[in-house]
Amino acid sequence: MFTDALILPMLSGFAEAACAAGAITEKEAAIWVADQEERSRSGRAFLALPIFIASGRRA
């Protein structure tokens, strides 16, 4: 989990990728990124990246 300004470059990258894929407009991305920046400044940022690791063996 991430809750500080360190996540902003990652979030900006998500917005850029969504623009490149045509999922959102540049204006929508800019509005969303600005909201994330404000959340970071006010201590309300939150990003969770669930990561799963599995292992196994042949029987």
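Relevant structure appears above.
Quick summary incoming for the structure in this document.

What counts and what doesn't
Residues numbered from 1 in each chain as written. Predicted model: local features only at pLDDT ≥ 70, side-chain atom pairs only at ≥ 80, totals over all residues. Heavy atoms only, no water. Helix = DSSP H or I, 4+ residues; strand = E, 2+ residues; numbered from the N terminus. Contact = heavy atoms within 4.5 Å.

### Examining the side chain of Q36
So, point 1. Relative to the assigned elements, Q36 resides in helix α2 (residues 26–41).
So, point 2. Discounting chain neighbours no more than four positions away, the residues touching Q36 are L8 and L11.

### Quick notes on the environment of A29
So, point 1. One can find A29 in helix α2.
So, point 2. Separated by 17 residues in the primary sequence, A29 and S12 place their C-alpha atoms 8.2 Å from one another.
So, point 3. Not counting chain neighbours up to four residues away, the residues in contact with A29 comprise A15, C19 and I24.

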